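Structural overview
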Amino acid sequence: MSQSAPAVNANANAVNAEPTRMSRTSIATVCLAGTFEEKMRAAAEAGFDGIEVFEPDLVASPLSPEQVRDLAAELGLTLDLYQPFRDLEGVEESVFQDNLRRLEGKFQLMQRLGVDLILLCSNVGTATSWEDEVAVDQLRRAADLAAGYQIRIAYEALAWGRFVNTYEHAWSLVEQADRPNLGVCLDSFHILSRRGDVSGFRAIPGEKVFFVQMADAPIMLMDVLSWSRHHRNFPGEGGFDLVTFMRELYATGYTGPISLEVFSDIYRQTESVRTAREAMRSLQWLDDAQAGEAPTHPTGWDFAEVRAAEPADLAEVLTQLGFEDHGRHRTKDVHLFSAGHARVVTNDRTEAPLEHAGGSVIASIGLQVPDPRTTADHARALHYPKAWRANRADEMVLRGVQAPDGTEVFLAPTSAAAPQWVAEYGRNDGGRVAGAAAPRDAGAGTEPAGVVAGDGLILGIDHVNLAQPWQWFEEGVLFYRSLFGLEAQVSNDVPSPQGLVRSEVMRTPDGAVRVPLNLIPHGLDPGRSSTTRTVTGQIDHDELRLKAAYPQHVAFLASDAVEVARRARARGLRMLPVPSNYYEDLAARFALDEAFLAELRENDVMYDRDEGGEFLHFYTRTVGTVFFEVVERRDGYEGYGAGSAPVRLAAQYDLDRQ
Ligand SMILES: O=C(O)c1ccc(O)c(O)c1
Ligand SMILES: [Mg+2]
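Residues numbered from 1 in each chain as written. Chains lettered and ligands numbered in written order. Predicted model: local features only at pLDDT ≥ 70, side-chain atom pairs only at ≥ 80, totals over all residues.

Describing the overall build of the protein
Short version of the rule: The helix and strand labels rest on DSSP assignments: H or I over at least four residues marks a helix, E over at least two residues marks a strand, and numbering proceeds from the N terminus. Note on burial: count the other C-beta atoms lying within 10 Å of the residue's C-beta; 20 or more is buried, 12 or fewer is exposed, in between is partly exposed, and C-beta positions come from the backbone. With C-beta atoms placed from the backbone, a contact is any residue pair whose C-beta atoms sit within 7 Å.
For the protein, the count of helices and strands is 21 helices and 26 strands. A buried classification covers 50% of the 658 residues belonging to the protein. The contacts of the protein with a sequence gap of at least 6 include a subset with a gap of at least 24, amounting to 78%.

Printed below as a string of structure tokens:
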């Protein structure tokens, strides 16, 4: 395909034009854990077309350049780029002479490897009193040296480059140097971390873009070098607008590989095959998203399923909250409780790892989607593992998929009425219904479940909060984004007695589905020595459940949280106690009516207010590691109660130790 007239290339997304698609995929070896050879094998196994050879990986490898070349050929990988070469330009002539010598050595090495493209980072250290003309001249001479080796140079502006730190500046030097084997490398991190304007890509002819490196990152306020070296992540896992980046890139006419370059403290220590698969998935998401193919959003919650070490306790808490007990499933050891549109399935199947952890876990969530088959097919295309349960022929089968943390996500058809599967639960199954709570907890305050049918105050599920083992948090973000189109809200660090908990809410634009992901602090992870054990990249269920056994909760939306609290307390519910200091602080923050404040305090109900509206909510006692929250949103309040989470975590920690 001819690439002439580049500056006015057709916009890839112009009307009637087929969207441009990713032509080739590549990944820098620095993204992956392991030895150089393991990295290459992981990239090949995940289906990448090529790799970027990251110099420190090669230098540390026992493989000779020729062996690397042969291994790549055997694995079907192209070696797309050699990198990085540092601090070449903008220097004194004597220094430059030495730099050329260094560079020529790399060219000879690249010939042995069979790589014809080198990445040159803008000078971060040795450049002295900058004149563009000096740098232009030196870039030109470097290109001329490279030409003798049939090598091309891609010049990349590092965000912390001493003089050149924007792609516009890098392109200006490359344009002036005017050599056919000298072009630019566009790296999304360096550009977007500085809030660069990607519409300027159109000034660059597509064939002068020699290479493209993609990385996402959480939005952070920190020095850009540390941010880049430790916190990059794969497209769709962070907060950059990579979709616009890609569209503007394609508008230049660029047809080369899209490569991933992710420096991440997490991915450097997680299993490389799994990471490479995640990396490939991130490119699939990006390719679809830039082409305008967005996943369909879930329309609401079908159910949440809690697997409990102490199911009788769960049944007690739910009935105290006003849930109706629908009894046991016809064939399975699960019970259904409902209030309004909120449905909670409790699973009595205890598992050794769960009991060992003393925990319960949110084993699955059910999301209503317009077309479960389409979403399930999409999940398969993204290579997310299937989740399934044994079903009898006459039972409704829900398609399911495993989230990275092991939570199973079932796909149900959108329905305003109660789902069909509710009929599979029988109210009268030999006394197990109300009796579920009886053996251990019979006594004052426990009413038979049938008596406390849903009282209309609880409307549905508001959100389900899932604890994420630290190594899979970013994968969780991409999972909910790529499969369900949930968007990440700005993340928030919540102090707890056992560490700082990073919290990021994934939600649909209309708020119908909200999934706050909470990152479990490293120190709390009992399985942290075993993160590289699953060499196949397959998810080990029991181990995951064990890791996921941290406080998680289902929050119900109510029309009147104080009233729900009052009635639940009358039925004997133990709330999570809220300390008096919290209410004193509340009184200082907001001018609240005395009587109202007293009512909140009396019922352990917490409160927040913002420009949007007001928020009233309370937490129940914890059963194993699962608890429930009841929230009331007034006047379109969209948050989750600023200041409540640290108080909750401290209270739960205290209770745990009693
Ligand atoms: O952090 C660095 O030095 C570095 C090196 C090479 C790159 O391509 C890059 O984006 C950053
Ligand atoms: Mg780069």
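So much for the structure itself; the text now carries on.
Quick word on the nonpolar core
We apply this condition: Think of a nonpolar core as buried Ala, Val, Leu, Ile, Met, Phe, Trp, Tyr and Cys residues, each tied to the set through C-beta atoms within 7 Å. As annotated, the domain borders come from an automatic or database domain assignment.
Counting 182 residues, the largest nonpolar core has V184, L321 and F556 as its most contacted members. Here this core takes eight residues from helix α10 (residues 272–290), the largest share from any one element. When residues of this core are assigned to domains, at least three fall in each of domain 1 (22–290) and domain 2 (300–528 + 536–657). With residues near it in sequence (within four places) discarded, F556 still touches A339, A342, I458, I461, D462, F628 and V630.

A word on the packing of helix α5 (residues 132–147) against helix α6 (residues 167–177)
Going by this rule: Simply put, an axis is a line fit to the C-alpha atoms, just over the touching stretch for a helix, and the angle between two N-to-C directions goes from 0 to 180 degrees. For classification purposes, an angle smaller than 35 degrees is called roughly parallel, one larger than 145 roughly antiparallel, one from 65 to 115 roughly perpendicular, and anything else oblique. Definitions for this section: a left-handed crossing has its near helix turned counterclockwise from the far helix by less than a right angle. A right-handed crossing has that turn clockwise. Polar here means any residue other than Ala, Val, Leu, Ile, Met, Phe, Trp, Tyr, Cys and Pro, which are nonpolar, and Asp, Glu, Lys and Arg, which are charged; Gly is therefore polar.
It is the contact of α5 with α6, at a shortest axis distance of 9 Å, that shows an interaxial angle of 60°. By the angle between their axes, α5 is oblique relative to α6. Where α5 crosses over α6, the handedness of that crossing is right-handed. Taken together, the residues of α6 that come into contact with α5 (itself represented by D132, A135, V136, L139, R140 and A143) are L173, V174, Q176 and A177. Across the contact of α5 with α6, the residue classes break down as seven nonpolar, one polar and two charged.

A look at the site of ligand 1
Definition in use: A residue counts as near a molecule or strand when its C-beta atom, positioned from the backbone, falls within 6 Å of it.
Every residue near ligand 1 is listed here: Q83, P84, L119, C121, E156, L158, D187, H190, Q213, S228, R229 and E261. Looking at the shell around ligand 1, the elements that each hand over two or more residues are β3 (78–85), β4 (117–121) and α8 (224–230). Across the shell around ligand 1, the residue classes break down as four nonpolar, four polar and four charged.

So, the pairing of strand β2 (residues 50–54)
What counts is decided by this rule: Paired strands, in this sense, are two strands between which DSSP finds at least two bridges. When the strands point away from the viewer, a crossover counts as right-handed if the route from the first strand across the helix to the second turns clockwise.
Judged by how many residues are buried, β2 sits mostly within the fold: five of five residues are covered. Direction of pairing for strand β1 (residues 25–28) relative to β2: parallel, over a ladder of three bridges. Bridge pairing in β2 places A28 opposite E52. In this fold, β1 hands off to helix α1 (residues 36–45), which returns the chain to β2; that crossover is right-handed. Summarising the sheet, β2 and β3 pair through five bridges and their orientation is parallel. Across the sheet, F54 pairs through a bridge with Q83, a residue of β3.

Overview of the UniProt feature "binding site: a divalent metal cation" (unreviewed entry) in the protein
What counts here: UniProt positions are given in the numbering used here, feature names are shortened, and annotations may be inferred rather than shown by experiment.
Following the UniProt record, the feature "binding site: a divalent metal cation" (unreviewed entry) maps to E156, D187, Q213 and E261 here. Across 106 residues, the annotated set stays spatially compact, with a maximum C-alpha separation of 12.9 Å. Residue classification places D187 among the buried positions, given that 26 C-beta atoms sit within 10 Å. The contact partners of D187, leaving out residues within four places of it in the chain, are E156, Q213 and E261. When you line up the elements, Q213 lands in strand β7 (residues 209–214). Look at Q213 and you get buried, because 26 C-beta atoms sit within 10 Å. Those residues within four positions of Q213 in sequence are excluded, and the remaining contacts are C185, D187, S188, S259 and E261.

Focus: the sheet that holds β3
Strand order in the closed barrel formed by eight strands is β1-β2-β3-β4-β5-β6-β7-β8, and the pairing between neighbours is parallel. Each neighbouring strand pair of the sheet contributes to a mean axis angle of 30°, computed without reference to strand direction. Across the sheet, α5 is in contact with β5 (152–156) and β6 (182–187); its angle to β5 comes to roughly 150°.

Section: the packing of α1 against helix α3 (residues 65–75)
The relative placement of two packed helices is expressed as an angle between their axes plus a distance between the axes. At a minimum axis distance of 10 Å, the contact between α1 and α3 shows a crossing angle of 20°. With respect to α3, the element α1 is oriented roughly parallel. In this structure, α1 meets α3 at a crossing whose hand is right-handed. On α3, the residues touching E37, M40, R41 and A44 of α1 are L71, A72 and L75. Partitioning the contact of α1 with α3 into residue classes produces five nonpolar, no polar and two charged.

Details of the sheet that holds strand β9 (residues 300–307)
The strands making up a sheet are joined through hydrogen bonds of the backbone, oriented either antiparallel or parallel. The mixed open sheet is built from nine strands, whose spatial order is β14-β15-β16-β13-β9-β12-β11-β10-β17. Unpaired on one side and paired on the other, β14 (386–387) and β17 (425–426) mark the two borders of the sheet. As paired strands, β14 and strand β15 (residues 399–402) are joined by two bridges and run antiparallel to one another. By the bridge assignment for β15, A387 is matched with G400. Relative to the sheet, helix α11 (residues 311–320) contacts β9, β10 (324–329), β11 (334–339) and β12 (342–347), its axis offset from that of β12 by approximately 165°.

Some points on the environment of E133
As for its placement among the helices and strands, E133 is situated in helix α5. Note on E133: 10 C-beta atoms within 10 Å, which makes it exposed. Separated by 131 residues in sequence, E133 and S264 have C-alpha atoms that sit 36 Å apart.

A closer look at unusual backbone geometry
For the bond from Q83 to P84, the omega torsion is -10°, close enough to zero to count as cis. Along the chain, P84 turns up in strand β3. You will see that R195, though not glycine, has its phi angle at about 55°, which is positive. Tracing the backbone shows R195 in the loop between α7 (188–192) and β7.

Section: the pairing of strand β24 (residues 606–609)
Pairing of β24 with strand β25 (residues 614–619), which is carried by four bridges, proceeds in the antiparallel orientation. Bridging from a neighbouring strand, R609 pairs with E614 of β25. Counting the residues between successive antiparallel strands, the hairpin from β24 to β25 contains four residues.

Section: helix α18 (residues 561–570)
Selection rule: Here the arc refers to the directions that run from the helix axis out to each C-beta atom.
Along α18, the residues that are buried comprise A561, V564, A565 and A568. Here the buried residues of α18 occupy an arc of 100° about the axis, which is enough to place them on one side. Packing partners of the buried residues in α18 comprise α11, β18 (458–468), β23 (552–558), β25 and β26 (626–634).

Observations regarding the domain arrangement of the protein
For the protein, the assigned domains read domain 1 (22–290) and domain 2 (300–528 + 536–657). Taking the mean C-alpha position of each, domain 1 and domain 2 sit 43 Å from one another. With 18 residues of domain 1 in contact, the opposing surface of domain 2 contributes 14 residues. Residues of the side of domain 1 that touches domain 2, tallied by class, amount to six nonpolar, six polar and six charged.

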